[in-house]
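A structural walkthrough
Listed below, chain by chain, are the residues.
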Amino acid sequence: MGFSRPESGTLAMCSPEEAALLRLEEVFSATLARINSLVFQPLLEAGELRLSSEKGPEASDPWGRECLQLLQQLHSSSQQLWDVTEESLHSLRERLRRPEAVGLESLLLLQSADRVLQVHLEYIESYTCCVAVQAFQKAVKRRSEYWRGQRKALRQVLSGLSSEGSVGTALLQALRQPLAHHVQQYVLLLLSLGDTVGECHPTRELVIHAASLFGDLQSFMRQELDQATATQALWPTLSSRLRDVLCTPARRLLQDSQDVPVTVTPLRAERVLLFDDALVLLQGHNIHTFDLKLVWVEPGQDRCTFHLLTPEEEFSFCSKDPQGLVVWQWKVTQAVCQALRGKKDFPVLGAGLESSEPPTCRCGAYTFRAEGRFCQATYEGEWYWGRPHGKGTLKWPDGRNHVGDFCQGLEHGFGIRLVPQASEDKFDCYKCHWREGSMCGYGICEYSTSEVYKGYFQEGLRHGFGVLESAPQAPRPLRYTGHWERGQRSGYGVEEDSDRGERYIGMWQADQRHGPGVMVTQAGVCYQGTFQADKMVGPGILLSDDDSLYEGTFTRDLTLVGKGKVTFPNGFTLEGSFGSVSGRGLHTQGVLDTAALPPDPSSTCKRQLGQGVFPVESRWQGVYGAFRDFVRAGCPGDLREALLGFHVQSSRELRKSQEYLCCERTCPEDQAGRMEDLLEELLQHREPEALQQCLRKALSNSLHPLGKLLRTLMLTFQATYAGIGANKHLQGLAQEEVKQHAQELWAAYRGLLQVALQRKGQAPEEDEDAETRDLRVHSLVLPLMLPSFYSELFTLYLLLHEREDSLYSQGITHLSLFPDARLLEFLDVQKHLWPLKDLTLTTNQRYFLVRDKCFLSATECLQKMITTVDPREKLEVLERTYGEIEATVSRVLGREHKLPMDDLLPLLIYVVSRAQ
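As the structure is a prediction and not an experimental result, all values here were calculated from the model.

Here we take up the overall build of the chain. Within the chain one finds 25 helices and 27 strands. Here the chain, with 916 residues, has 48% of them falling under the buried criterion. When the accessible surface of the chain is summed, it comes to about 45300 Å², and 51% of that surface belongs to carbon and sulfur atoms.

The structure is reproduced here in structure tokens:
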């Protein structure tokens, strides 16, 4: 065929190189088919026949099975190679048959060079696996006579096959030589074709790319064959025990210390073997194997040493020959890079587009062997210089699991730890922050007993503020809200015993009630006294529901015993000795004084407990302290959860472990970024009006540090004063606590503001004097936070003022019976202010008989107060009611009129009585 070079477009005629490629593919396709019938079919039939004839587990031959699998894989790769050769043939024939219509770029070798290369690589991989473990020699061992008879047929396929040598060697040549020759011709023909294609021809780059790929393939084949041959030669030099441990078809030997001597210290290895996936140190009968993915190479200070770091070992390579040491260091480094990439370097070790230096941060799995907390545990995740570092998972054989953050080999940051219990599918689950291997900071722990702890830890123990709550169905349901010290309740805390209907408010020590305390019962009885080792000691005060007061000693069940004095609501007193006899109730011996005058109700009914006993500024230091630590540290985003806490949805019913190994926390991932925004917002809103809006937004946001602090304080308040704790004798304790919370929230805001100023390089604000601070607290913070505590405070107020409220209700009811005119007259409202125009009378009615017709709009407005909870909203309703009263009076007078207090107060009482 002639060949011309057009100025543009496709080649008008086919080149001699294309015709040569066609003949090359035809020969290679025929050779592959011939090899299939001469080699693969007999080999596979013999292997399958041999395995099927074996009977019983004793006769099984794992090596025979493995050889058969390798041959089957090689046969499959050969079939794919034949398929792609046929595709290439088809594209060449189409090109030669219709050169004007089918362009050069349509050739499979050009348009799909990478796919063709991949098929060749898979065949080479399968072939070298067979070479490395001598699969051919083992396969032909039992039919050597048959294969000797096939030598003549093989000689027809192969050039240069001698009549000497083993059959296995002949098979090696038969499966390698045609491919090597084929690839060599590919390169020559593609290079020649590239020379014939014009510089500007669109297919030139495709041709050059294909020639480069197959040129690299030649280098790759040589390296792979060399490595497989060296690996095959290694196995006979090792004992059978070592062979069984180390020999795998895919493993390749890269370097042997018997070829290039090297010394390893401190392990003193007798022989060092570098494979493509592992570094092996042989020391007598001991084998030390190190996964290359978890080997870090560190150059030494001199040219005679370099160091290797693994998860549990550190050792050095030394050599008297600097050149030999360079070889070892380079090969180990490149082998690590190759192992991390998960594929062989192409075309040769150390070559390729990617970096030849292994990364210090990487991912991998490792099972620890050395004694310690991690013994037998498998870590899978991120590493840095031989230590778990970053995100990872630890799994122990006993079922323990840990998922979370690590730093320098230890749990550090947020993590979830599962500890299995004896019961099936029961786990203790710790969702906590960790520091240097132990729980430290905020955490949520769900136990297999259905108890839940939410609070702070230090060195793996509960420490600081925390809440421990048992399940409602527990034999003795308890809830403790308070402070802990080294795993025990210690300091100020509140415990509720639902089974006994009691709530203890007071001091603890070593997990026992110890020090001053107040006990409140569901029956309304209150006790204040001193506890020691969980028992009441010394005298105390007992207030009963009917306001009787007992001062003296009594038992754990609040039974009067010993010397004491009872003051009854009517003023009578009983002083003497008290005791109880089984089945006969309380008995006493003493003096009853009936001559005393009735006491002032405020001295008994309104007696307040706990004030002065528990200094308000020291009650919830565990809550305030965590926030102060956060501010003191400069409000770092990574410590925000650890110091301020987080929220997760948790279930009382413990689930299976894999469901627990996740924790959808409400805090966003980018804590540092959000913190910057929050601090910037504080700087932008420092004027009084803007500051109040800023504080309102912050306190209402559960993700804002101030909002988090407020919600924790609400939790402590409810734990103390809601439910059983709703007792009138605790109102003073609650009021001073709310005021203290307001001061702490203002101090928290000031702390955040100082951090914001510091980050901007601005001068900090000057310290406030007590008067200025109190003014800010009462004008800015208290009105914003009071609604959060209103429900409990209002209940305490109602209980404390129950008697006055009852009298007030009776008075309102009495006034509501008056007709409108009679009531206005009774309240001494000036007659010219009466809205008589609003009264529409029938024939038989008189003004003094009409009810509920005057000031209707004001009455309806005031009635809306019952639908509000927020004190601010109630004040707004009251203000609108004033406005409606004045509007009605202005309408009656026919002009705008502002009511003085002397006129407004009786009218307001009228509206209150009608609104009831």
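There's plenty left to go through after this.
Within a sheet, adjacent strands bond to each other through the backbone by hydrogen bonds, running parallel or antiparallel. Read across the open sheet, the 4 strands follow the order β1-β3-β4-β5; overall the sheet is antiparallel. Both edges of this open sheet fall to β1 (253-256) and β5 (286-291), since each of them pairs with a single strand only. Taken over all neighbouring pairs, the strand axes of this sheet differ in orientation by 20 degrees on average, direction set aside. Sheet topology note: the β1/strand β3 (residues 271-275) ladder contains 3 bridges and is antiparallel. In the sheet register, Asp 256 faces β3, and the bridge partner there is Leu 273.

All right, on to the sheet that holds strand β8 (residues 314-318) then. Here 4 strands make up an open sheet; going across it, the order is β2-β8-β7-β6 and the pairing antiparallel. Among the strands making up the open sheet, the edge pair consists of β2 (263-265) and β6 (296-299). The mean angle between the axes of side-by-side strands here comes to 25 degrees, regardless of whether they run parallel or antiparallel. Where β6 and strand β7 (residues 305-309) come together, 4 bridges link them in antiparallel fashion. Bridging from a neighbouring strand, Val 297 pairs with Leu 308 of β7. The sheet contacts of helix α11 (residues 322-341) involve β6, β7 and β8, and relative to β7 the element is tilted by about 25 degrees.

Let us now look at the environment of Arg 872. Along the chain, Arg 872 falls in helix α24 (residues 871-893). Overall, the relative accessible area of 35% leaves Arg 872 in the partly exposed class. For the pair Arg 872 and Leu 784, spaced 88 residues apart in sequence, the C-alpha separation works out to 9.0 Å. Residues in contact with Arg 872, not counting those within four places in the same chain, are Arg 696 and Pro 783.

Next up on the list: the layout of surface pockets. To find leftover empty space, one rolls a probe the size of a water molecule over the atoms. Computed from the structure, the largest pocket encloses a volume of approximately 840 Å³. Of all the elements in the fold, those that place two or more residues in the lining of the largest pocket are α20 (770-800), α21 (802-816), α23 (856-863), α24 and α25 (901-915). Here the residues of the lining of the largest pocket sort into 14 nonpolar, 4 polar and 2 charged.

Another point: the nonpolar core. Counting residues in hydrophobic clusters, the biggest one holds 75 residues, and the most contacted among them are Phe 136, Leu 175, Leu 217 and Leu 273. Counting residues per element, this core draws most heavily on helix α1 (residues 16-53), which supplies 12 residues. When neighbours within four sequence positions are excluded, Leu 217 is seen to be in contact with Leu 117, His 120, Leu 121, Ile 124, Val 183 and Phe 346. Core analysis: the next-biggest nonpolar cluster, separate from the first, contains 72 residues, Val 452, Leu 609, Val 623 and Val 738 among them.

All right, on to the pattern of salt bridges then. For the structure on display, the rule yields 38 salt bridges. Between Lys 728 and Asp 547 there is a salt bridge; the shortest N-O distance is 2.9 Å. Here Lys 728 is found in the loop between α18 (705-721) and α19 (731-759), whereas its partner Asp 547 is found in the loop between β23 (535-543) and β24 (549-554), with 181 residues between them in sequence. Side by side, Lys 728 and Asp 547 carry an identical accessibility label, which is buried. A salt bridge links Glu 768 to Arg 750; its shortest N-O distance comes to 3.9 Å.

Before going further, it helps to examine the environment of Leu 699. Here Leu 699 lies in helix α17 (residues 688-700). Through-space distance from the C-alpha of Leu 699 to that of Val 781 is 9.5 Å; in sequence the pair is 82 residues apart. Not counting residues up to four positions away in its chain, the partners in contact with Leu 699 are Leu 706, Gly 707, Leu 710, Arg 711, Leu 745 and Leu 784.

Attention shifts here to the packing of helix α13 (residues 621-632) against α19. At a closest axis distance of 10 Å, the pairing of α13 and α19 adopts a crossing angle of 10 degrees. Classed by the angle they form, the pair α13 and α19 counts as roughly parallel. Residues Tyr 624, Phe 627, Arg 628 and Val 631 of α13 pack against Gln 740, His 741, Glu 744, Ala 748, Gly 751, Leu 752 and Val 755 of α19. Tallied by class, residues from the contact of α13 with α19 come to 6 nonpolar, 3 polar and 2 charged.

Bridging between strand β16 (residues 452-458) and strand β17 (residues 461-469) involves 6 bridges; their strand directions are antiparallel. Counted as the bridge partner of Lys 454 is Val 467 from β17. Between β16 and β17, which follow one another and run antiparallel, lie 2 residues, and Glu 459 among them has a positive phi close to 55 degrees. Strand direction decides the pairing type here: β17 and strand β18 (residues 478-485), joined by 6 bridges, are antiparallel. Directly across from Glu 469, in β18, lies its bridge partner Arg 479.

With that settled, consider a nonpolar patch on the surface. Among the surface-exposed residues, Phe 794, Tyr 797 and Leu 798 lie close enough to one another that they form a single nonpolar patch of about 260 Å² accessible area. You can see Leu 798 is positioned in helix α20. By relative accessible area, Leu 798 is classed as partly exposed at 36%.

This part takes up the confidence of the model for the chain. Per-residue confidence for the chain averages 85 on the pLDDT scale, and 87% of its residues sit at or above 70. Low pLDDT, under 50, characterises residues 1-12; the predicted model gives this stretch 31 contacts beyond four residues in sequence or across chains. Confidence drops under a pLDDT of 50 for residues 650-658, and excluding neighbours within four residues, the segment shows 23 contacts in the predicted structure.

Here helix α8 (residues 167-196) crosses helix α9 (residues 204-234) at 150 degrees, and the two axes come no closer than 9 Å. On the basis of the axis angle, α8 is roughly antiparallel to α9. Every pair of crossing elements has a handedness; the one defined by α8 and α9 is left-handed. Touching Arg 176, Leu 179, Ala 180, Val 183, Gln 184, Tyr 186, Val 187, Leu 190, Leu 191, Leu 193 and Gly 194 of α8 are Arg 204, Val 207, Ala 210, Ala 211, Phe 214, Gly 215, Leu 217, Gln 218, Met 221 and Leu 225, all from α9. Considering only residue class, the contact of α8 with α9 consists of 15 nonpolar, 4 polar and 2 charged.

Below, the discussion takes up the pairing of strand β26 (residues 573-581). Bridging between strand β25 (residues 560-567) and β26 involves 6 bridges; their strand directions are antiparallel. Bridge pairing in β26 links Lys 565 to Glu 575. What sits between the antiparallel neighbours β25 and β26 is a turn of 5 residues, in which Gly 571 has the positive phi angle 100 degrees. Alignment of β26 against strand β27 (residues 585-593), held across 9 bridges, turns out to be antiparallel. Bridging across to β27, Gly 579 finds its partner in His 587.

Reading guide: rules and limits
- Residues numbered from 1 in each chain as written.
- Predicted model: local features only at pLDDT ≥ 70, side-chain atom pairs only at ≥ 80, totals over all residues.
- Heavy atoms only, no water.
- Helix = DSSP H or I, 4+ residues; strand = E, 2+ residues; numbered from the N terminus.
- Buried < 20%, exposed > 50% of the residue type's maximum accessible area, 1.4 Å probe, protein only.
- Areas by Shrake-Rupley, 256 points an atom, 1.4 Å probe, with all protein chains shown as cover.
- Pairing = 2+ DSSP bridges.
- Axes fitted to C-alpha atoms, helices over the stretch in contact; angles between N-to-C directions.
- Contact = heavy atoms within 4.5 Å.
- 1 Å grid on protein atoms, 1.4 Å probe; cavity = no way out; pocket = protein on both sides within 12 Å on 5 of 7 lines; lining within 4 Å.
- Points joined across faces, edges and corners; volume = space filled by probe spheres on them.
- Nonpolar A, V, L, I, M, F, W, Y, C, P; charged D, E, K, R; others polar.
- Core = buried A, V, L, I, M, F, W, Y, C linked by side-chain atoms within 4.5 Å.
- Salt bridge = Lys/Arg side-chain N within 4 Å of Asp/Glu carboxyl O.
- Parallel < 35°, antiparallel > 145°, perpendicular 65-115°, else oblique.
- Patch = residues over 30% accessible without salt bridge, like charges linked within 9 Å, V, L, I, M, F, W, Y side chains within 5 Å.
- pLDDT = per-residue confidence, 0-100.
- Left-handed = near helix turned anticlockwise from the far one by under 90°.

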